[in-house]
Amino acid sequence: MSAPSQPSASASAPAPAPVSVSVLGLGMMGSALAAALLNAGHRVTVWNRSAAKTGPLVAQGAMPAATPAEAVEASPLLIVCLLTNDNVTELLSSLGDTVSGKTLVNLTNGTPAQARELSAWAAKHDARYIDGGIMAVPQMIAGPDAFVFYSGDEEAFEAHRDTLAAFGGTKWEGSDPGLAALNDLALLTGMYGMFVGVLQAFALVRTENISAEKFSELLVPWITAMLAGAPELGRAVDTGQHLTDVSSLAVNQAAFPNFLATYRDQGVSPELFEPFQAILDRSIAEGHAADGLSRLADLLKAEHTR
Ligand code: FVH
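Residues numbered from 1 in each chain as written. Predicted model: local features only at pLDDT ≥ 70, side-chain atom pairs only at ≥ 80, totals over all residues. Heavy atoms only, no water.

**Student:** What am I meant to see in unusual backbone geometry here?
**Tutor:** Trans is the prevailing form of peptide bonds, just as negative phi is the prevailing case for residues other than glycine. At Ala-142, a position not held by glycine, the phi torsion is positive, near 75°. Here Ala-142 lies in the loop between β6 (128-135) and β7 (147-152). Backbone geometry places Asn-209, a non-glycine residue, at a positive phi of 60°. Positionally, Asn-209 belongs in the loop between α7 (179-206) and α8 (212-227). (Helix = DSSP H or I, 4+ residues; strand = E, 2+ residues; numbered from the N terminus.)

Laid out in C-alpha cells, this is it:
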C-alpha cells in the first residue's frame, strides 16, 4: 500500500491528452464533474436517470447516452456520482458484465464497508474499482481548493490520474478501497463537530438578542486559535500520552454542568451537548481525571477495539 500523498494540484500541469469518459449521475455534483471534464478537453458521455439533466451538458459538447449501458459502452473510464451507494449498487446490478474491462470511479458519498463491497463486486465482473471522496461543493470543482480522496486499484488510478485532476487535487490514500471514504467522513466529522458548536453558540447569544453575525467576529479567531492545538492533541492520541498540565478532564467535568445549566436557563436545547457531559463523567469514573481531552478519543473507541 502506498503512503498517503498530499493533494496534487492540476493548475500548472500541462493539459492531459483528451480521453473518453462517461459520467453516470448528473445531480449537482455529477453535472459539475462532467462540466470540468469537458472544460479539460475530454470526450464526455453523460447519462442521468432523469434525462432532462443531460441538456445543459449536451449544449456544452457532451454526448447523451439513452441508457446506462450505452454510457458504459462509450468509454473505458466511468465516473459514477449518485445520491447513495444503494443507488450505485442498483445501477451496477442492472449493468452486470457490461462493465468488464472498464475502470469504475465511484464518487458517491458512502461508507468504507460499502466501498469494499462495491470493489468486490467490480472484481467479480472484471472491472477495476476506485472509490473517491469529494472534498468540495459543486461550485468548487476544478478550482484551487477542491480535492478528492481516492483509494482502491492503484494501477487504474495512476492510469487515469491526469484525467481525474480535472476535478481538483488528487489525494491517493491506498489500495484498501475503504480508505477514501474513511478520510472523507473523518474530515466531515471535524466539520460537523465544529458547526454544531458554532450553531449552539449562535443559539445562545441570540437569547440575549446579540447578533450572531457580529458574534462570529469573536468566534472565528477563537476557534482558529484553539484549532492550532489540534496537532498536539493528535500526538497525544497517537502516543497514548494523555497526562496534561493544561486543562484536565477533572476541570472540564466540573465546569461542564455550567454549560448545560446555562442552555436550559436561557431556553436553548442542551440535546447536542448532553452526550459530552456523559463522556466526561465516564472518563472520571474510569480513572482518567488527570488526563487531557485527548483521552476521550480512546474512550470513544468501542471497548473491543481499545
Ligand atoms: N452537493 C454537495 O455539496 C456534495 C459535496 C460532496 C459530495 N457529495 C456527494 O455527491 C453525491 C451526489 O450529490 P449531488 O449533489 O449531485 O446530489 P443530487 O443533486 O441530489 O443528485 C443525485 C443524483 O443521484 C441520482 N439518483 C438518485 N437515486 C437514483 C437511483 N435510484 N438510480 C439512479 N440515479 C439516482 C439522481 O438522479 P435524478 O434524480 O436526477 O434522476 C441525481 O443524478 C452524493 O453522494 C453526495 O453526498 C455532494
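More follows now that the structure is in view.
**Student:** Is there a simple way to think about the nonpolar core in this case?
**Tutor:** Note that soluble globular proteins tend to have their nonpolar side chains buried in a common cluster. Within the largest apolar cluster, 33 residues are counted, with the highest numbers of intra-cluster contacts made by Leu-33, Ile-79, Leu-107, Ile-141, Tyr-150 and Phe-167. Counting residues per element, this core draws most heavily on helix α1 (residues 28-39), which supplies eight residues. In contact with Ile-141, not counting residues within four places along its chain, are Met-29, Ala-32, Leu-33, Ala-36, Ile-134, Ala-136, Ala-146 and Phe-167. Leu-82, Val-88, Leu-92 and Ala-122 belong to the second-largest nonpolar core, a separate cluster that totals 19 residues. (Core = buried A, V, L, I, M, F, W, Y, C linked by side-chain atoms within 4.5 Å. Buried < 20%, exposed > 50% of the residue type's maximum accessible area, 1.4 Å probe, protein only. Contact = heavy atoms within 4.5 Å.)

**Student:** What is the right way to look at the sheet that holds strand β2 (residues 43-47) in this model?
**Tutor:** Strand pairing in a sheet is mediated by backbone hydrogen bonds. Such pairs are either parallel or antiparallel. Sheet architecture is open: eight strands sit in the order β3-β2-β1-β4-β5-β6-β7-β8, paired in mixed fashion. On the outer flanks of this sheet lie β3 (63-64) and β8 (169-172), each paired with one strand and no other. Relative to strand β4 (residues 77-80), strand β1 (residues 20-24) runs parallel, the two being bridged by four bridges. Bridging across to β4, Leu-24 finds its partner in Val-80. Strands in contact with helix α4 (residues 85-95) are β1, β2, β4 and β5 (103-106); relative to β5, the strand with the most contacts, it is inclined by about 160°. (Pairing = 2+ DSSP bridges. Axes fitted to C-alpha atoms, helices over the stretch in contact; angles between N-to-C directions.)

**Student:** I would appreciate a short explanation of the pairing of β6 in the present structure.
**Tutor:** Side-chain positions along a regular strand alternate between the two faces of the sheet. Among the eight residues in β6, seven count as buried, and that is most of the element. Handedness of the β5-helix α5 (residues 112-124)-β6 crossover: right-handed. In this sheet, β7 lies alongside β6 in antiparallel orientation, the contact comprising six bridges. Across the sheet, residue Ile-134 finds its bridge partner in β7, namely Val-148. (Right-handed = clockwise from strand over helix to strand, strands pointing away.)

**Student:** Looking at this model, I keep getting lost on the side chain of Asn-85. Mind explaining?
**Tutor:** Within the secondary structure layout, Asn-85 lies in helix α4. Of note is the side chain of Asn-85, whose polar atom sits 2.9 Å from the side chain of Asn-106. Look past the residues within four positions of Asn-85 in its chain and what remains in contact with it is Asn-106, Thr-108, Asn-109, Gly-110, Thr-111, Gln-114 and Leu-118. (Polar contact = N/O pair within 3.5 Å; in protein donor to acceptor, adjacent residues only side chain to side chain.)

**Student:** Honestly, the site of the ligand in this entry has me stumped. Any pointers?
**Tutor:** Lining the immediate environment of the ligand, one finds 20 residues, of which Met-29, Asn-48, Ser-50, Lys-53 and Asn-109 sit closest. Taking Leu-26, its main chain carries an N or O atom lying 3.3 Å from an oxygen atom of the ligand. Met-28 places a main-chain nitrogen or oxygen 2.9 Å from an oxygen atom of the ligand. Across the complex, the protein chains shield 78% of the 900 Å² of accessible surface that the ligand would expose by itself. Of the residues forming the shell around the ligand, the biggest block, three residues, is contributed by α1. Partitioned by chemical class, the residues of the shell around the ligand number 10 nonpolar, eight polar and two charged. (Near = heavy atom within 4 Å. Areas by Shrake-Rupley, 256 points an atom, 1.4 Å probe, with all protein chains shown as cover. Nonpolar A, V, L, I, M, F, W, Y, C, P; charged D, E, K, R; others polar.)

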